[in-house]
Amino acid sequence: MKLSARIAGFSLLLVFILGARTVVAGEKNTITVGTGGNFPPYTMLDREGHPYGFAIDVMNAVAARAGLTPRYVVMPKYKSVFRALEEGKIDVISSLGISDSRKKIFAFTPPIETARVSFIQRRDGSEIVKMEDLYDKKVGVIPPNLTSRILGTHPRIKQVTYLDVPSALFALLSAQVEAVAYTESVAWNFARQAGIENRLKASPTPIREIKRAIAVNRNNAALLAALSPAVEGFLKSEDYRQIYVKWFGKKTPFWTPMRVATGMGIFFGSIIVGLMVWRYRSMVSLNRELLKSITERNLAEVERQAALVDAERANQAKTEFLATMSHEFRTPLNAILGFSEMLRAQYFGPLGADNYKIYAEDIHTSGELMLGLVNDMLDIAAIEAGKRPLVNEDVDVGEVVADCVRNIEPGAEGKGVKLSIDLPDEKPSLYTDKRSVTQIMLNLLSNALKFTEPGGSITVRVLATRENLTIQVADTGIGIPPEKLAAVTDPFYQAQTDPLIAKEGTGLGLSIVKSLVDTLGGELSLSSEVDKGTVVTVTFPFVGWA
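Residues numbered from 1 in each chain as written. Predicted model: local features only at pLDDT ≥ 70, side-chain atom pairs only at ≥ 80, totals over all residues. Heavy atoms only, no water.

1. Looking at the overall build of the protein
The secondary structure content of the protein amounts to 16 helices and 20 strands. Per-residue burial for the protein yields a buried fraction of 41% across its 546 residues. The long-range fraction of contacts in the protein, counting pairs at least 24 apart against all pairs at least 6 apart in sequence, stands at 71%. Entry remark: accessible area of the protein is about 30,600 Å², with carbon and sulfur atoms responsible for 56%. (Helix = DSSP H or I, 4+ residues; strand = E, 2+ residues; numbered from the N terminus. Buried < 20%, exposed > 50% of the residue type's maximum accessible area, 1.4 Å probe, protein only. Contact = heavy atoms within 4.5 Å. Areas by Shrake-Rupley, 256 points an atom, 1.4 Å probe, with all protein chains shown as cover.)

2. Thoughts on the pairing of strand E9 (residues 158-161)
Here strand E8 (residues 138-141) runs beside E9; their pairing, made up of four bridges, is parallel. Among the inter-strand pairings, Val 139 is bridged to a residue of E9, identified as Gln 159. (Pairing = 2+ DSSP bridges.)

3. Remarks on the packing of helix H13 (residues 397-415) against helix H14 (residues 434-450)
With their axes 9 Å apart at the nearest point, H13 and H14 run at an angle of 25° to one another. Between H13 and H14, the crossing angle belongs to the class labelled roughly parallel. Relative to H14, the crossing made by H13 is right-handed. From H13, Val 400, Val 401, Cys 404, Val 405, Asn 407, Ile 408, Gly 411, Ala 412 and Lys 415 reach across to H14, where they touch Lys 434, Val 437, Thr 438, Met 441, Leu 442, Leu 445, Leu 449 and Lys 450. Here the contact of H13 with H14 is built from residues that sort into eleven nonpolar, three polar and three charged. (Axes fitted to C-alpha atoms, helices over the stretch in contact; angles between N-to-C directions. Parallel < 35°, antiparallel > 145°, perpendicular 65-115°, else oblique. Left-handed = near helix turned anticlockwise from the far one by under 90°. Nonpolar A, V, L, I, M, F, W, Y, C, P; charged D, E, K, R; others polar.)

4. Overview of helix H7 (residues 184-194)
Residues of H7 that are buried: Glu 184, Val 186, Ala 187, Trp 188, Asn 189, Phe 190 and Ala 191. Summarising the contacts, the buried residues of H7 are in contact with strand E7 (113-122), helix H6 (165-173), strand E10 (179-183) and strand E11 (200-202). Remark: Gly 195 follows H7 within two positions and exhibits a positive phi of approximately 75°.

5. Structural notes on the sheet that holds strand E16 (residues 457-464)
Read from one edge to the other, the open sheet built from five strands follows the order E14-E16-E17-E19-E18, with strand pairing classed as mixed. Strands at the two margins of the open sheet, each flanked by one partner only, are strand E14 (418-422) and strand E18 (523-529). Taken pair by pair, the neighbouring strands of this sheet meet at an average axis angle of 10°, ignoring direction. Looking at chain direction, E18 and strand E19 (residues 533-541) are connected through seven bridges and run antiparallel. Following the sheet pairing, Glu 529 is matched in E19 by Gly 533. Against the sheet, H13 contacts E14, E16 and strand E17 (468-475), and its axis sits at roughly 175° relative to E14. This element, H14, spans E16, E17 and E19 of the sheet and lies at about 25° to E17.

6. A word on the packing of H6 against H7
Relative orientation and spacing of two packed helices are given, respectively, by the angle between their axes and the distance between those axes. Two elements in contact, H6 and H7, have axes separated by 10 Å at closest approach and are oriented at 75°. Taken together, the axes of H6 and H7 are roughly perpendicular relative to one another. The segment H6 lies against H7, with Val 165, Pro 166, Leu 169 and Phe 170 engaging Ala 187, Phe 190, Ala 191 and Ala 194. Split by residue class, the contact of H6 with H7 holds eight nonpolar, no polar and no charged.

7. Comments concerning the environment of Leu 146
Among the secondary structure elements, Leu 146 is positioned in the loop between E8 and helix H5 (147-152). In this structure, the C-alpha to C-alpha distance between Leu 146 and Ile 210, residues 64 residues apart in sequence, is 9.2 Å. In this structure Leu 146 touches Ser 99, Arg 102 and Ile 210, once residues within four positions along its chain are discounted.

Shown next, in the form of structure tokens:
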């Protein structure tokens, strides 16, 4: 008996020494690490077939702490990796989910990460919260993941097996299955790569939370004893936090609200600089032509007429260029408004810091102001170029005026401004373009409301005689200085120098009104007194009664 005990003890000592040969301190101590195929973000293969990922970074850091050098062996399937570890052909698996069945086969270090196994479902589908919600329905699974065993305890759930995660996710999107049961972080990684993450969601409560650890051959107790304290020390280090955030932290999108705002600033700045340069060059060219015609006193009348024709062509070219560019600006502006609205409404989830939502609203407001400016510029260009289509018909002017007044009533009520309208008993009619008359009235009423302080009033009158039809818009606003009255219908001219008032407009409203009135054959006149108000009068040749 004593001899047998000694032989048994010597044998155990020999096994321990041979098993511990890989954990003796020194740079030559190499352990063989087995890994399978593509299981991002835990393990992936680069172009040369070398593994990388969260599990690889963790294995490298833990091995360095234990004084070991990992040598990676890549196998086509994880079943092969499990068998190789069980048979002792490899020393460890870098990351493996811990289960009761696997504890009987392998030894595990302390856990390095907890993975959520959840039901991945369509965002527009029915809400799946618990197992019972999937009874008598099909659920996609991908072996050798533990989800097959978990769902196996619920025989009423019909499992459909897929070879890989992308196949299962696209089967879910095409409604071949009601959900896919899989490790949540891995599923989201594949979904982000395919660009379909916005069409999917995970169940609010995971099926199970599985702890993952480094798996060691059960007969290699010395290696387990070397790796376990290295894992515990690594989990408390800054290295672990950096590796975890690297692979599981939320990636910051390239187009953040700040970058969008910066891009818009550069875009609008380029437009403004381009317009200023173009305007300067156009004015220089035009001035040169005018100065040449003035200084050359011996030019004949034919030459003078030719210079005027050249000037008109230059102005026509300017107008056509402005109309074309304004139209082209609408496309990117509409995209900016659409994306900023998506950011502001947070369609794809919270943006993070509250400032991002504020930036998105600022972007949307600025885009709307810029689109309004482009529309106004396009209107002026179209009118000046004679390309605005006119559809003449018998127009009930009183009805048009009343509709426009109703349109701005909410704004007047919100500002505390009184609106009144005075229409003749009979209905005066004009044979003209109804859309142009409506735009004239809306611009005049908006302008009056903008410059009328709370407590003031706006009065609209329609007067008809045998010769003329007159529309008056009178307000009790801040008025226009006499020296600026003649220039208020010029494009981009603003009579107000107060930035709090001037910033509300672009100086195009009255310019558009003047161009439309001229096109319709009418006349525009203004009278104003500072701090007492302004009266704008539009006169058209009278046609008759509606």
